[in-house]
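The lines below spell out each chain.
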Amino acid sequence: MTSKRTKNLELLISILFILLTAVLMFAYYSRWFSFAATVGPFRIIHYLAFIGTFYIAFGVILFSVLKRRNPQKYTTLLRFHAIGNLVAFLLVSLHFAGQLGRSVFPELGTGLALYIGMMLLVGSGVALRFRLLGSNPNATRFVHTGVAVTFYIIIVVHILHGLNVF
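Residues numbered from 1 in each chain as written. Predicted model: local features only at pLDDT ≥ 70, side-chain atom pairs only at ≥ 80, totals over all residues. Heavy atoms only, no water.

Enquirer: Help me understand the environment of Ser 93 in this model?
Expert: Secondary-structure assignment places Ser 93 in helix α3 (residues 74-100). Distance in space between the C-alpha atoms of Ser 93 and Arg 31 is 14 Å, their sequence separation being 62 residues. Here Ser 93 is in contact with Thr 21, Met 25 and Tyr 115, once residues within four sequence places are set aside. A polar contact of 2.6 Å, which involves the side chain of Ser 93, links it to the backbone oxygen of Phe 89. (Helix = DSSP H or I, 4+ residues; strand = E, 2+ residues; numbered from the N terminus. Contact = heavy atoms within 4.5 Å. Polar contact = N/O pair within 3.5 Å; in protein donor to acceptor, adjacent residues only side chain to side chain.)

Right, here's the structure in full:
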């Protein structure tokens, strides 16, 4: 079982990481630094977004399976899930900020829907992990799971749209 002090420290670290993400997004949007170099067919920032997206796409499913197979390791798995998703959120956020900061404003459509979904996932995940909305997490879990399923659908549409499938 996690002590209250440890849980409070984890909440503080989560909040600081989210704030760091916001600061880095602003810095990237403002062109204080850049990942615009091209490697192969994509800019570096796209590869970072791919890493974040793949982690979310596969890491979340892996977490879901492993927590059922190894309930005794739930706390460790949950920490890995939370940290991994916060890092993925950072990587995808930098990509999103780069898209917003382009000289030719892009069509945001599915990307905007994905980013809003990701913010809802992070917010509901933090609220669920630290029981910020009360001691009964069922409603928060329902929202978190529903947004996750929607997020997966939008990822597929976003990738197909990026590949000009439609």
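Enquirer: Is there a simple way to think about the environment of Ile 56 in this case?
Expert: Positionally, Ile 56 belongs in helix α2 (residues 44-69). Taking the C-alpha atoms as reference points, Ile 56 and Tyr 152, separated by 96 residues in sequence, lie 9.1 Å from one another. Aside from chain neighbours lying at most four places away, what touches Ile 56 is Asn 85, Ala 88, Met 118, Phe 151 and Tyr 152.

Enquirer: Which parts of the structure should I look at to understand unusual backbone geometry?
Expert: Most peptide bonds are trans, and most residues other than glycine sit at a negative phi. Its identity as a non-glycine residue notwithstanding, Arg 31 has a phi of 65°, on the positive side. Counting through the fold element by element, Arg 31 comes out in the loop between α1 (4-29) and β1 (38-39). Its relative accessible area of 55% is what places Arg 31 among the exposed residues. (Buried < 20%, exposed > 50% of the residue type's maximum accessible area, 1.4 Å probe, protein only.)

Enquirer: Would you mind showing me how to read a nonpolar patch on the surface here?
Expert: Taken together, Leu 9, Leu 12, Ile 13, Ile 15, Leu 16 and Leu 19 make up a surface patch of nonpolar side chains, about 560 Å² in accessible area. Following the sequence through the fold, Leu 16 ends up in helix α1. (Patch = residues over 30% accessible without salt bridge, like charges linked within 9 Å, V, L, I, M, F, W, Y side chains within 5 Å. Areas by Shrake-Rupley, 256 points an atom, 1.4 Å probe, with all protein chains shown as cover. Salt bridge = Lys/Arg side-chain N within 4 Å of Asp/Glu carboxyl O.)

Enquirer: Would you explain the pattern of salt bridges in this entry?
Expert: Any two side chains of opposite charge can pair, on the condition that their charged atoms come close. For the coordinates displayed, the defined rule picks out two salt bridges. With its nearest N and O atoms 2.4 Å apart, the salt bridge here joins Glu 10 to Arg 79. Of this pair, Glu 10 sits in helix α1 while Arg 79 sits in helix α3; the two residues are 69 residues apart in sequence, bridging distant segments of the chain. Among the residues examined, Arg 79 registers a relative accessible area of 30% and is labelled partly exposed.

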